[in-house]
Amino acid sequence: MLQEEVKEATSALSVHSHNIKVTELLKDGDTLTFLVISQKLSGTGEFHVVRIYDDFEWLQQHFFSQEDVPGLQGIIFPPLPPKAQVNPSAKAMKQLGLLGLGEWQPYCKALETFIRQVAAHSTLSKNIALEIFLTSADPPGKQKARKGIFNRLSHAVEEKRKNGHKDVDEFFQTERDHNILLTGCAKTAAEKFLDVVLTEQKIAVACGHFAAALQLFVEPGDDPAKQAFTKACVKLSEVFNSLQKNMTSVAENNFNTVGLGLDLDSRYQEAEKEMLFRRTCKLVEMENARRNAEKAKPAKKAAMEEAKEAAEADFAQICEMARNEIKHFQNVRVEIFQQALVQWCEKQLLTAKENADLFNQHLQAFKEMA
């Protein structure tokens, strides 16, 4: 059983983390199936495995459940995209944001980024569950992973009040303040950019409709005036068809570059926010343990001191992990968005050049008609 194989143990990943690909999506009724391909380190071939979204959740849950990993709660876990659906509800569409436009290739890219991020992570890549996910032909998603204290801390309503707890470390207090600001800004930027892409798609559709409407004026006959008008309508229809293709390409370029970059940045800001919240919860636990040790009666003094030392050691490990994660996250965040901007410039420049040539041809055709 796969569930029995997944243990809190270290394992050297047998594939190249940077070559993992989610290449295809198949629809079987309401079930979406993804093909995950990874290149073997030995260079002797590739692993091809079929996975559903539940398998990705299974993998993420095993990362969350590693209670024996020192400082686990200080990790900024790579965010898994929300579950895509064949016929998503309004609520699901809102959660998906840019990934809810109905284009499956970008969604596969988002899942691919998630897998690559965890496979490149110095701690998460050691979990044997990742090796199973990438190499086993069996469907791991059918096996239920146990839930650790990590999840209960992240999502318990009664812990929310700890968000405003004053931090003892200026570095983390500053990071919390910045994260609150950036989380809101990143979410707003992604939402506004989605509006831009949707508007571009609407313009493309309108151009297509107008191009079709112009064809309605095409009339046969020998009347020179009608022939000239018909010819002008046909050429103008071709122009608007070109405008439709151009705007469609612009929207796709925006979505596949800056759009995906903003979406990932927004979800990563939320992931950092969750990590900082977990650390704050541990800070409150440590401070409570210290107060309990100070107030403890002689009969319970030794036990309270032991609990205090354990809480302090746990908190120190989380802080060390969190500090390293934040520094790494900041560097990677800049690098990822820089790549998105470069790709956006390259694609839009290519699209602009292609369409400039095409529109020049249309212009020459109109000049010849004069």
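Residues numbered from 1 in each chain as written. Predicted model: local features only at pLDDT ≥ 70, side-chain atom pairs only at ≥ 80, totals over all residues. Heavy atoms only, no water.

Points about helix α2 (residues 53–64)
An α-helical turn contains 3.6 residues, so any two residues separated by three or four positions project in the same direction. Across its twelve residues, α2 extends 17 Å between first and last C-alpha, which sits within 8% of the 16 Å expected from 1.5 Å per residue. Of all the twelve residues making up α2, ten are buried; the element is thus mostly covered by neighbouring parts of the structure. (Helix = DSSP H or I, 4+ residues; strand = E, 2+ residues; numbered from the N terminus. Expected span 1.5 Å × (residues − 1). Buried < 20%, exposed > 50% of the residue type's maximum accessible area, 1.4 Å probe, protein only.)

Let's talk about the pattern of salt bridges
Within the structure shown, the criterion is met by 13 salt bridges. Of the charged contacts in the structure, one is a salt bridge between arginine 176 and aspartate 167, with a shortest N-O distance of 3.1 Å. The pair arginine 176 / aspartate 167 is uniform in exposure class, with both members buried. Across the pair aspartate 167 and arginine 279 runs a salt bridge, and its minimum N-O distance is 2.5 Å. With aspartate 167 in the loop between α6 (149–155) and α7 (170–214) and arginine 279 in helix α8 (residues 224–295), this residue pair connects regions lying 112 residues apart in the sequence. (Salt bridge = Lys/Arg side-chain N within 4 Å of Asp/Glu carboxyl O.)

Re the pairing of strand β1 (residues 21–28)
Relative to strand β2 (residues 31–39), β1 runs antiparallel, the two being bridged by seven bridges. When the bridges of β2 are listed, leucine 25 appears paired with phenylalanine 34. (Pairing = 2+ DSSP bridges.)

Observations concerning the layout of surface pockets
Roughly 1000 Å³ of internal volume is contained in the second largest pocket. In this structure, the second largest pocket is lined by 35 residues; those nearest its centre are Thr113, Gln117, Leu264, Ile336 and Gln339. Put simply, the parts of the chain that give the lining of the second largest pocket at least two residues each are α4 (104–120), α8 and α9 (298–369). Residue contributions to the lining of the second largest pocket peak at twelve residues, all from α9. (1 Å grid on protein atoms, 1.4 Å probe; cavity = no way out; pocket = protein on both sides within 12 Å on 5 of 7 lines; lining within 4 Å. Points joined across faces, edges and corners; volume = space filled by probe spheres on them.)

Focus on the environment of isoleucine 115
In this fold, isoleucine 115 is placed in helix α4. What makes isoleucine 115 buried here is its relative accessible area of 0%. The sequence separation of isoleucine 115 and isoleucine 20 amounts to 95 residues, and the corresponding C-alpha distance is 7.3 Å. Once residues lying within four places of it in the same chain are set aside, the contact partners of isoleucine 115 are Ile20, Phe56, Leu59, Phe133 and Leu134. (Contact = heavy atoms within 4.5 Å.)

Concerning the pairing of strand β3 (residues 46–52)
Here β2 runs beside β3; their pairing, made up of seven bridges, is antiparallel. In the strand pairing of β3, threonine 33 is matched with isoleucine 52. What sits between the antiparallel neighbours β2 and β3 is a turn of six residues, in which glycine 43 has the positive phi angle 80°.

Brief notes about helix α5 (residues 128–135)
Buried residues dominate α5, accounting for seven of its eight residues. All of the buried residues in α5 are Ile128, Ala129, Leu130, Glu131, Ile132, Phe133 and Leu134. Two or three places before alanine 129, at the opening of α5, asparagine 127 has a side-chain oxygen 2.8 Å from that residue's backbone nitrogen. (Polar contact = N/O pair within 3.5 Å; in protein donor to acceptor, adjacent residues only side chain to side chain.)

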